[in-house]
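Descriptive structure summary
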Amino acid sequence: MNTREDIIELLNLSSIQPLVDEAARVKGEYTSNKVFFRGLMEYSNICSKNCLYCGLGCGNSDVGRYTATHDEVMEAARIVLANNYASMVIQSGERSDRDFVKSITRLVGDIKEMSSGRIGITLSCGEQSRETYKEWFDAGAHRYLLRIESSNEELYYKIHPNNAAHSFKNRLDALYTLRGLNYQVGTGVMIGLPFQTVEILANDLMFFKNFDVDMVGIGPYIEHHNTPLYAYRNLIPSKEERLKMTLKMIAILRIMMKDINIAATTAMQTLDPNGREMALQAGANVVMPNLTPLKYREGYAIYDNKPSLNEDAEETKAKLEKKISDDGNVIGFGEWGDSIHFKRKQR
Ligand code: SAH
Ligand code: SF4
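Residues numbered from 1 in each chain as written. Chains lettered and ligands numbered in written order. Predicted model: local features only at pLDDT ≥ 70, side-chain atom pairs only at ≥ 80, totals over all residues. Heavy atoms only, no water.

To continue, consider the pattern of salt bridges. By the definition in use, this model includes 24 salt bridges. One salt bridge in this structure joins Asp214 and Lys345, with 2.9 Å as the shortest N-O distance. Pair noted here: Asp214 is in the loop between helix 8 (198–211) and strand 8 (215–217) and Lys345 is in helix 14 (residues 340–346), with a separation of 131 residues, a long-range link. Since its relative accessible area comes to 33%, Lys345 is described here as partly exposed. A salt bridge links Asp327 to Lys323; its shortest N-O distance comes to 3.2 Å. What emerges from the salt-bridge pattern is a single network uniting Lys49, Glu94, Glu127, Glu149 and Arg171. (Salt bridge = Lys/Arg side-chain N within 4 Å of Asp/Glu carboxyl O. Helix = DSSP H or I, 4+ residues; strand = E, 2+ residues; numbered from the N terminus. Buried < 20%, exposed > 50% of the residue type's maximum accessible area, 1.4 Å probe, protein only.)

Below you can see the structure in the form of structure tokens.
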């Protein structure tokens, strides 16, 4: 099943159940069905880039821009501790000015200090210089998420402007830089993009395998009405097809890369209220409850209909935790939940 042809055949299957069953078996054997929570803080929607699919692109003048305060991020960190999640993701629009870089460095250091090192920190703040990545690593961040978005260069340039700020090569180089600095590296792609084919998706899976990633976040592409890619919405598969294809991708990936961390993404939940749970059943083992202050949620609309208000409030969280346990998972409370794959490589 490790050849490209095998993967294409599996992606073309009409029934997903056999794949999901096998992925569940592998997940049980290699990860003991442990599921980890990371509190997600959407720190700022200010972005210097203009990815053609994303509602936060600088070309969208309809969106009110915000940056959370230092105190608000620290408050989210306290919620992480109170819920015993032990891990946090700080995600943001991409900026590389010194003020931004410094604010992240300070947040990482302060979260580490406040929690006496108990909170593991994942960053997802786009492409940065080696110096910046190192500064953040030295401050205490140890995992980084940077999706390649598509491993197919031609498709990459159909969904990004073709200019220096959106260079496919730079994105790839950034992943290698992160790896060289000893971060646990996560990447991923969007599924159901216009112009995307099953062959391209199979190559994406091969890309994860060849890069030997530690973590993957794959989720459906969801249109945003105020982006250039919206003009091609008639070319994208239906919601049901995108959901199904994402589940197949997750299941195949779990079977291919048995001990990596795979996220059940919020975009899955946008396509189906149970989308995240379905992803967990298909092999995912990480969930990122949103801890962004409610007043900013609307501002972080990377796609249309992103779950926002009230999402992951106390009651919702309790329900989510119960559902996850009922499905046979064990929530790794109090653990960083590092990628077993990464640790195995270190040894
Ligand atoms: N600026 C950072 C992190 C924030 S965006 C970065 O780009 O890496 C985080 C992710 O949101 C992106 O990697 C992209 O895969 C996803 N995303 C953006 N627009 C989307 C859309 N319309 N549908 C689904 N996912 C989207
Ligand atoms: Fe900015 Fe990230 Fe959106 Fe691209 S995907 S426009 S870098 S927030």
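Relative to the helices and strands, Glu277 is located in helix 11 (residues 275–281). Although Glu277 is buried, it makes no salt bridge; Arg276 carries the closest opposite charge, 5.2 Å away. Setting aside residues no more than four positions away along its own chain, Glu277 makes contact with Leu320, Lys323 and Asp327. (Lys, Arg positive; Asp, Glu negative; His and termini not counted. Contact = heavy atoms within 4.5 Å.)

So, about the sheet that holds strand 12 (residues 330–331). The strands making up a sheet associate through hydrogen bonds between their backbones, and the pairing can be parallel or antiparallel. Reading across the sheet, the ten strands line up as 2-3-4-5-6-8-10-11-1-12 and stay open at both edges, with parallel pairing between neighbours. Since the sheet does not close on itself, it has two edges, and those belong to strand 2 (39–44) and strand 12, each with one partner. Pairing geometry for strand 5 (residues 141–145) and strand 6 (residues 184–187), over three bridges, is parallel. Note on strand 6: the bridge partner recorded for Leu145 is Gly186. Sitting on the sheet, helix 7 (residues 168–180) touches strand 5 and strand 6, and the angle it makes with strand 6 is about 155 degrees. (Pairing = 2+ DSSP bridges. Axes fitted to C-alpha atoms, helices over the stretch in contact; angles between N-to-C directions.)

On inspection of all chains with the given rule, the structure shows 15 aromatic pairs. With centroids separated by 5.1 Å and ring planes inclined at 50 degrees, the aromatic side chains of Phe37 and Tyr85 adopt a geometry described as tilted. Residue Phe37 is found in strand 1 (residues 34–37), and its partner Tyr85 is found in the loop between helix 3 (70–82) and strand 3 (87–92); the two are separated by 48 residues along the sequence. In terms of burial, Phe37 and Tyr85 fall into one category: buried. Relative to Tyr144, the ring of Tyr133 lies with its centre 4.9 Å away and its plane at 70 degrees, an arrangement referred to as edge-to-face. Taken together, the residues span a long stretch of sequence, with Tyr133 in helix 5 (residues 130–139) and Tyr144 in strand 5 at a distance of eleven residues. There is no split in this pair, since Tyr133 and Tyr144 are both buried. In textbook terms, an aromatic cluster arises when at least three aromatic residues are bridged by ring pairs, as seen for Tyr133, Phe137, Tyr144 and Tyr183. A cation over an aromatic ring shows up here: Lys158 above the ring of Phe195, its NZ or CZ 5.0 Å from the ring centre. (Phe/Tyr/Trp six-rings, centres within 6.5 Å; stacked < 30°, edge-to-face > 60°. Lys NZ or Arg CZ within 6 Å of the ring centre and 35° of its normal.)

What follows covers the site of ligand 1. Around ligand 1, 18 residues are found, and the nearest of them are Tyr53, Ser92, Arg147, Glu149 and Ile222. Note that a nitrogen atom of ligand 1 is positioned 3.0 Å from one of the backbone N or O atoms of Ser92. Measuring from a nitrogen atom of ligand 1, one finds a backbone N or O atom of Ile222 at 2.7 Å. Looking at the shell around ligand 1, its residues break down into nine nonpolar, five polar and four charged. (Near = heavy atom within 4 Å. Polar contact = N/O pair within 3.5 Å; in protein donor to acceptor, adjacent residues only side chain to side chain. Nonpolar A, V, L, I, M, F, W, Y, C, P; charged D, E, K, R; others polar.)

Inspection of the secondary structure assignment puts Val287 in strand 11 (residues 286–287). For Val287, a relative accessible area of 0% corresponds to the buried category. Not counting residues up to four positions away in its chain, the partners in contact with Val287 are Val35, Phe36, Phe37, Arg38, Arg276, Leu280, Leu320 and Ile324.

This paragraph deals with the state of the cysteines. Considering all chains together, one arrives at zero disulfides under this definition. Summary of cysteine pairing: Cys58 is not part of a disulfide, and the nearest cysteine sulfur, belonging to Cys47, is at 6.7 Å. Given a relative accessible area of 45%, Cys58 falls into the partly exposed group. (Disulfide = S-S within 2.5 Å.)

Two elements in contact, helix 4 (residues 98–114) and helix 5, have axes whose closest approach is 8 Å; the angle formed by their N-to-C orientations is 20 degrees. As summarised for this structure, helix 4 and helix 5 are arranged roughly parallel, according to the angle between their axes. Remark: the crossing between helix 4 and helix 5 carries right-handed chirality. Seen from helix 4, the contacting residues are Arg98, Phe100, Val101, Lys102, Ile104, Thr105, Val108, Gly109 and Lys112; seen from helix 5, they are Thr132, Glu135, Trp136 and Ala139. Its residues assigned to classes, the contact of helix 4 with helix 5 comprises six nonpolar, three polar and four charged. (Parallel < 35°, antiparallel > 145°, perpendicular 65-115°, else oblique. Left-handed = near helix turned anticlockwise from the far one by under 90°.)

For ligand 2, the full set of nearby residues is Cys47, Lys49, Cys51, Tyr53, Cys54, Gly57 and Gly93. Grouping the amino acids of the shell around ligand 2 by side-chain chemistry returns four nonpolar, two polar and one charged.

Mapped onto the secondary structure, Arg254 falls in helix 9 (residues 239–256). Distance in space between the C-alpha atoms of Arg254 and Ala23 is 5.7 Å, their sequence separation being 231 residues. Ignoring any residue separated from it by four or fewer positions in sequence, one finds Arg254 in contact with Ala23, Val26, Lys27, Thr31, Asp259, Ile260, Ile262, Ala282, Gly283, Ala284 and Asn285. A distance of 2.8 Å separates the side chain of Arg254 from the backbone oxygen of Lys258, its partner in a polar contact. Within the local environment of Arg254, its side chain forms a polar contact with the side chain of Asn285, the two groups lying 3.4 Å apart.

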